Amino acid sequence: MKPTVGERAFGYFNILLMIGLCVVTLYPFLYVLFASISEATSFLQHSGLLFGPAGFDLRAYKAVFQNPMIIKGYENTLLYVTLGTAINLVMTAIGAYVLSRPNLYFKNIIMFFIVVTMVFHGGLIPSYLLVNQLGMMNTMWAILIPGAINTFNMIIMRTSFQSVPVSLEESARMDGASDWTILFRIVIPLSMPVIAVMILWYAVGHWNSYFSALVYLRNSEKYPLQLVLRDILIANSTDSMMTGSASDDKYAIGETIKYATIIVSTLPIICLYPFLQKYFVKGVMIGAIKG
Amino acid sequence: MSRSTGNWAALQTIRADLRRHWAVYVMALPVIAYYVIFHYGPMYGLQIAFKDFQPAKGIWGSPWVGFKHFVSFFNGIYFWRLIKNTILINVYELLFGFPAAIVLALLLNEVRNGVFKRVVQTVSYLPHFISIVVVAGMMFDFLGRTGLINQIIGAFGIEPIDFLKEAGWFRFLYVSSGVWQGVGWGSIIYLAAIATIDPTLYEAARMDGASRWKQTLHVTIPGIMPTIVILFILQMGNMLSVGSEKVLLLYNPLTYSTADVISTYVYRKGVLEASYSFTAAVGLFNSVVSFILIVSANSISKRLSENKLW
């Protein structure tokens, strides 16, 4: 059937709309990028949209990379992301394996107690007091341990583990393989697509999170990058980065430093994103079928 | 007699199973410990909502005070403001954010060119991965007195507006930035639902001479209706909760009148001002109401249609 005039007109209109969506989505990032490499005073004099940098100057980046807080924040975040994701993975995988065993005793009771926590939880203050009581306050464990398992992820992983053919496990058992061997040599290698999705979800979660650090960390030496960013972008504390320049200049470069900070902290995600995107989407699909 | 032998036999099988699969039970231990400590621990701690918590006496030893903290929250000057702000942000999200994702999925479904479609999808998912701190930081830069938006409206002779310092703008900014960040990602689940619609339904509709618009109206939308209903139920269940993470970044005392929600109030009073029992009560009230909301939304939907969460 040939499309009618109206349908064809809608087709073009739709394409324009989608292009508009892309522009609205991407332009803020482009503006930030242009602003960050602009020469500070010409950027301040400029008004309206930027279609390229106003002048060219990388001093803002120099200031960002010389800022000890940002460097420290970067280091801390890398630590939290790697260690945190490792803890998440091990805990989620063993939990999923246990729940995927067909004839585990008390399985239904365990499952019930786990699912209850998805609907009802103690809330911020009791968790805060608990972390305090466990002596984890102001340590990185307060950030890594309380969120060790995302129940939803564990259930997704369990579903994937259940689809591993039973015959494979049985023949391994015949050869005397223990449950540990079966988990690490058979079940996990056969569930790599789901494991990959989990690594990405957990890792991006750790990279982007700031709230638990805000609540549990007192010592700014331990702040992750996002909390440092919050101080710079929202509490406006760029002063420490601009020692030595005259005050007008100082204000001007303070503006471009903010934009450079955004780029420096977001670039890893934006660069990796196009390659990883399909895994994320796959993960949502798995979750959608399950839920 | 037979009952006790039955128990004995069951015990024997459990012991045999423990011997054979001891590793599974060892694996279960840290997982169970995690849930007991970090999920049931806070639930146990919730009792301080009915006590006057004194750190020196601990959770168990602090004296009971009944509903004192609930009463003082309900009678407090901020109660209605917090309820109103929390609900209004959710209502705005339901009115704008919720349909936006559905509309985007339907529009993407009409894009014929596969490569173009993938590019649009990739671009529209991107903001979902940007941290909320960066999004808020960009909002501060763009919406400040001398920011980009004021430069643009200034060109039309409009006086600069300090958007983030004016209470009247807060809800609009909160919800619209949320749509900007989440619309693409939110559309994935509807696209997945569209992909599962039986293609013969479209063929039959075409046979009957249905235009693309009619096909969308009578095949696609009914096809994704269960998904829409389930997400709607979830959203209703969240009617009385707005996450504190983004509000904490965007609000300030000047905008508290529209921006302060229950979760941010709990953070301020509890973590910053150490009124633990009072804020535990506020949090418990919030959880209980949310629980009631989601259960009723589910049963209403069960009555009206076949769709339900459980």
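Being a predicted model, the structure only gives us computed values, none of them experimental.

Considering the domain arrangement of chain B
Residues and elements named next belong to chain B.
Alright, step 1. When the domains of chain B are assigned, the result is domain 1 (2–50) and domain 2 (69–304).
Alright, step 2. Placing the centre of domain 1 and that of domain 2 at their C-alpha centroids yields a distance of 39 Å.
Alright, step 3. Together, the buried faces of domain 1 and domain 2 total about 460 Å²; carbon and sulfur atoms form 78% of this surface.
Alright, step 4. Taken as a group, L46, I48 and A49 account for 83% of the area that domain 1 buries against domain 2, more than any other trio of residues on that side.
Alright, step 5. For the interface between domain 1 and domain 2, the tally reads 0 salt bridges.
Alright, step 6. At the junction of domain 1 and domain 2, the tally comes to 1 residue pair in polar contact (both at pLDDT 80 or more).
Alright, step 7. Residue composition of the side of domain 1 that touches domain 2, by class: 4 nonpolar, no polar and no charged.

Looking at the state of the cysteines
As used in these notes, a disulfide is a covalent bond between sulfur atoms, one from each of two cysteines.
Alright, step 1. Under the definition given, this model contains 0 disulfides over all chains.
Alright, step 2. The closest cysteine sulfur to the non-disulfide-bonded C22(A) is located on C271(A), 19 Å from its own sulfur.

Examining the environment of I37(B)
Alright, step 1. Checked against the element boundaries, I37(B) lands in helix α2 (residues 22–45).
Alright, step 2. The contacts of I37(B), once residues within four sequence positions are left out, are L130(A), L134(A) and P42(B).

Points about a nonpolar patch on the surface
Alright, step 1. There is a patch of nonpolar side chains on the surface, built from V115(A), M118(A), V119(A), F152(A), V288(B), F291(B), I292(B) and V295(B) and spanning about 630 Å² of accessible area.
Alright, step 2. Put simply, the parts of the chain that give the nonpolar patch at least two residues each are α5 (107–119) of chain A together with α15 (276–304) of chain B.
Alright, step 3. It is α15(B) that provides the largest number of residues to the nonpolar patch, a total of 4 residues.
Alright, step 4. Note on placement: F291(B) falls in helix α15.

Some details on the UniProt feature "transmembrane region" (unreviewed entry) in chain A
Alright, step 1. Under the UniProt annotation, the feature "transmembrane region" (unreviewed entry) is placed at residues 12–34, 78–98, 110–129, 182–204 and 257–276 of chain A.
Alright, step 2. The straight-line gap between the two end C-alpha atoms of residues 182–204 of chain A is 29 Å; of that span, 96% is helix and 0% is strand.

Looking at the pattern of salt bridges
All names here are of chain A.
Alright, step 1. Per the stated rule, a full pass over the model turns up 14 salt bridges over all chains.
Alright, step 2. For R59, the salt bridge identified is with D57, shortest N-O distance 3.1 Å.
Alright, step 3. Judged by its relative accessible area of 37%, R59 falls in the partly exposed class.
Alright, step 4. Two residues, R101 and E169, come together in a salt bridge whose shortest N-O distance is 2.8 Å.

Observations concerning the packing of aromatic side chains
Residues and elements named next belong to chain B.
Alright, step 1. Going through the model one piece at a time under the given rule, you end up with 41 aromatic pairs over all chains.
Alright, step 2. Taking 5.2 Å as the distance between ring centres and 80 degrees as the angle between the ring planes, the aromatic pair formed by F129 and W185 counts as edge-to-face. Of this pair, F129 sits in the loop between α6 (114–125) and α7 (132–143) while W185 sits in helix α9 (residues 167–195), and the two are 56 residues apart along the sequence.
Alright, step 3. We classify F129 as buried; its relative accessible area is 3%.
Alright, step 4. In textbook terms, an aromatic cluster arises when at least three aromatic residues are bridged by ring pairs, as seen for F73, F74, Y78, F79, W80, Y265, F278 and F285.
Alright, step 5. Here K246 stacks its cationic end above the ring of Y174, 4.6 Å away from the centre of that ring.
Alright, step 6. The ring of Y256 carries R268 above its face, with NZ or CZ at 4.3 Å from the centroid.

Procedures and definitions
- Residues numbered from 1 in each chain as written.
- Chains lettered and ligands numbered in written order.
- Predicted model: local features only at pLDDT ≥ 70, side-chain atom pairs only at ≥ 80, totals over all residues.
- Heavy atoms only, no water.
- Domains from an automatic or database assignment.
- Buried area = accessible area lost by both parts, 1.4 Å probe.
- Salt bridge = Lys/Arg side-chain N within 4 Å of Asp/Glu carboxyl O.
- Polar contact = N/O pair within 3.5 Å; in protein donor to acceptor, adjacent residues only side chain to side chain.
- Nonpolar A, V, L, I, M, F, W, Y, C, P; charged D, E, K, R; others polar.
- Disulfide = S-S within 2.5 Å.
- Helix = DSSP H or I, 4+ residues; strand = E, 2+ residues; numbered from the N terminus.
- Contact = heavy atoms within 4.5 Å.
- Patch = residues over 30% accessible without salt bridge, like charges linked within 9 Å, V, L, I, M, F, W, Y side chains within 5 Å.
- Areas by Shrake-Rupley, 256 points an atom, 1.4 Å probe, with all protein chains shown as cover.
- UniProt positions renumbered as here; feature names shortened; annotations may be inferred.
- Buried < 20%, exposed > 50% of the residue type's maximum accessible area, 1.4 Å probe, protein only.
- Phe/Tyr/Trp six-rings, centres within 6.5 Å; stacked < 30°, edge-to-face > 60°.
- Lys NZ or Arg CZ within 6 Å of the ring centre and 35° of its normal.

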